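These are the residues of each chain, in order.
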Amino acid sequence: MSRSPIIKARQASLTYATRRGPIAAVDSVSLAIDLGECVAILGRSGSGKSTLLALLGGLCAPTAGEVCFTGRPWTERTAREVSHLRASQVGLLLQDGGLLPGLRALDNVLLPAVLAGRPRASLVPRAEQLLGLVGLADRWDAYPAELSGGQQRRVALARALAAEPAVILADEPTGDLDTLAAGEITAILARLRADRATAIVIATHDPALAAIADRRLWMERGRCTEASAATLPPVSPAVALPVSPESAREVAFEPAPVALVPQRPAIGVEALGRSWLPFLAGLAIAAAAVAVFDGLVATKQEAVVETARVQRRLAKEMALQDLRADVDEVTVDDRAEAAVSVFLQNYRPERPLHVLGPTLEVAIQRDGRWESVSCALEESPAGIRTIGSDKTLVSLGFRVPEGSYDELLRGYLHIRIGAAMVVSDRPDGTGDLFERLDAYYIYLRDPRRTEDEVRRANGWGDKATVPLWIAMPSH
Ligand code: ADP
Ligand code: MG
């Protein structure tokens, strides 16, 4: 079989400049992923897997070296080319799935293609087929909240496949799932691998999942090597999954509840209007911008029935590329009350940008699960904000819950800050709209432990700095 690499990294590094000095998250990694190949990247948490995936998919630029996609470095392409390639050639499967809560499974699968301006009706049969592939044909009209974690992940996988990408980048696709649900995801990926239509790169610390790959790489402190049997964790026979194409086809999915009578999805505009409505209603309430509501519904429907394809593409580009948002600062007082500020910034101020929201939420990881924490937004978002080139800050406060936090970095809490916002090019929200859902991850030092305790717990030297918080890439 003749193969050529679809992705090639040459001495690629990504070094974060932090206040405490540089952190080489990815350190001089050279690798080539061939078309149709399946590669697993193993390594402990913090070893650089997510950052490497982000580099491979052109989500960020290396600080040294280069990453080529189909023979050309990501960094030599125009922004438009990068967004087009990412939308059409790269299927991203992120750990939390990233489904839009207000859309049914089928609409979630269709969304990227619809936003790319393709007519919805022509896409429905393919989306149905993909839902069938992931064992959810009967659940096409379920909202994410009505699906289990494993089912949501499967919908996200169907969505990643919708554009028929040349490569799938999956970041911990079985993380947080029970053995059975993880087995279902693994079996689907094994089947895709057997078809060889797509290159698959999987970051994981799940040995059963890694077992389906043609090659396994081991990451440690940003360095990447071909894994030898000695470095790999053992695969337990109880969770080992079929790796041969034949047995991979015999996946048994959990059956749909009997009360659900499958019906074919309606294709009309009316049905779409219905499916968008709860989502929009939720947003409008969250933002307390009732006056904007009718405009939102009308524009969204119009956009979906393709009256403004180009505008939508611009809106998407604006929402995802021009609008930068991340954690700006974190402080904690002596009563363990934390204040987090998130900044919004317009990187192309000549194009006006207006944001409804954001609404923010905080979750803390404990025993491998995300627990939400009640928090207060310090200033209530009054309708739409105009975002300029200076940072717009939105703050929220929460009390750091007591407990022992030793899972990843000893003495640090792993915190996720979720942000939901709608981006518009007009101040009254009547223009084109794009929903953006972000998750920012930080490690926050447990305020109830002293710096010395944290140094000792991690085996750091006496002079090692113990930052209050450490930003993580989205993972
Ligand atoms: P993995 O996915 O294997 O858990 P990551 O790629 O998320 O690893 O992180 C690799 C390393 O880079 C970690 O040590 C992490 O703390 C560090 N890191 C990631 N993002 C940032 C950032 N924005 N600023 C500083 N350090 C970071
Ligand atoms: Mg990661």
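Every chain is numbered on its own, with residues counted from 1 as its sequence reads. The lettering of chains begins at A and the numbering of ligands begins at 1, in the order of writing. Reporting in this predicted model follows two pLDDT cut-offs: at least 70 for local features of residues, and 80 or more for side-chain atom pairs to be given and counted; totals over whole chains, interfaces and linings ignore these cut-offs and use all residues. Calculated side-chain values reflect all of the structure's heavy atoms, with hydrogen atoms and water omitted.

1. With respect to the overall build of the chain
Secondary structure elements follow DSSP: runs of H or I no shorter than four residues count as helices, runs of E no shorter than two count as strands, and numbering proceeds from the N terminus. Counting its regular elements, the chain contains 12 helices and 20 strands. Exposure is judged per residue with a 1.4 Å probe applied to protein chains only, and the accessible area is read against the type maximum: over 50% gives exposed, under 20% gives buried, and values in between give partly exposed. Counting all 475 residues of the chain, 49% fall into the buried class. Should any heavy atoms of two residues lie within 4.5 Å, those residues are considered in contact. Counting contacts in the chain only where the partners sit at least 6 residues apart, residues at least 24 apart contribute 71% of the total. Carbon and sulfur atoms make up 53% of the accessible area of the chain, which amounts to about 21600 Å² in all. The method behind every accessible area is Shrake-Rupley, applied with a 1.4 Å probe, and residues are considered shielded solely by the protein chains displayed.

2. Here's the deal with the pairing of strand β3 (residues 38-42)
Where burial is concerned, most of β3 is hidden: 5 out of the 5 residues are buried. The alternating pattern of β3 places Cys 38, Ala 40 and Leu 42 on one face and Val 39 and Ile 41 on the opposite face, and all of these are buried. At least two bridges found by DSSP between two strands is the condition for calling them paired. Bridge count between β3 and strand β8 (residues 199-204): 5 bridges; the pairing is parallel. Bridge assignment links Leu 42 to a residue of β8, and that residue is Thr 204. Strand direction decides the pairing type here: β3 and strand β9 (residues 215-220), joined by 4 bridges, are parallel. Counted as the bridge partner of Leu 42 is Trp 218 from β9.

3. Re the side chain of His 414
For His 414, the position within the fold is in strand β18 (residues 412-424). His 414 sits in the buried class, given a relative accessible area of 7%. Within 3.5 Å is the distance limit for a polar contact, defined as a pair of N or O atoms, with the added protein rule that one can donate a hydrogen and the other accept it, and that residues adjacent in sequence qualify only through two side-chain atoms. In this structure the side chain of His 414 is engaged in a polar contact, spanning 2.8 Å, whose partner is the side chain of Gln 365.

4. Quick notes on the site of ligand 1
When at least one non-hydrogen atom of a residue lies within 4 Å of a molecule or strand, that residue is treated as near it. Taken together, 15 residues surround ligand 1, and among them Gly 46, Lys 49, Ser 50, Thr 51 and Pro 473 come closest. Between ligand 1 and the protein, one listed contact pairs an oxygen atom with a backbone N or O atom of Gly 46 at 2.5 Å. Between ligand 1 and Ser 50, the relevant distance is 2.8 Å, taken from an oxygen atom to a side-chain nitrogen or oxygen of the residue. Protein contacts shield 86% of the accessible area of ligand 1, which totals 570 Å² for the unbound molecule. By residue number, the principal contributor to the shell around ligand 1 is helix α1 (residues 49-56), which donates 3 residues.

5. As for the pairing of strand β1 (residues 5-18)
The pairing of β1 with strand β2 (residues 21-34) spans 10 bridges and is classified as antiparallel. What sits directly across from Thr 15, in β2, is Ala 24. Between β1 and β2, which pair antiparallel and follow one another directly, the connecting turn spans 2 residues.

6. Focus: the nonpolar core
The nonpolar side chains of a soluble globular protein tend to be buried with one another. We define the nonpolar core as a collection of buried residues of types Ala, Val, Leu, Ile, Met, Phe, Trp, Tyr and Cys that are connected through side-chain atoms lying within 4.5 Å of one another. The biggest cluster of nonpolar side chains holds 43 residues, and the ones touching the most others in it are Leu 106, Val 109, Leu 131, Val 155, Leu 189, Ile 202 and Ile 212. Secondary-structure elements contributing two or more residues to this core are β3, α3 (105-115), α4 (120-133), α5 (149-162), β7 (167-171), α6 (179-195), β8 and α7 (207-210). Excluding residues that lie within four positions of it along the chain, Leu 189 makes contacts with Leu 157, Pro 173, Ile 200, Ile 202, Leu 209 and Ile 212. Core analysis: the next-biggest nonpolar cluster, separate from the first, contains 34 residues, Met 318, Ala 319, Val 342 and Val 400 among them.

7. Notes on unusual backbone geometry
Not every positive phi belongs to a glycine, and Thr 70 is a case in point at roughly 40°. Of note in the backbone geometry, Asp 176 takes a positive phi value of approximately 70° without being a glycine. Counting through the fold element by element, Asp 176 comes out in the loop between β7 and α6.

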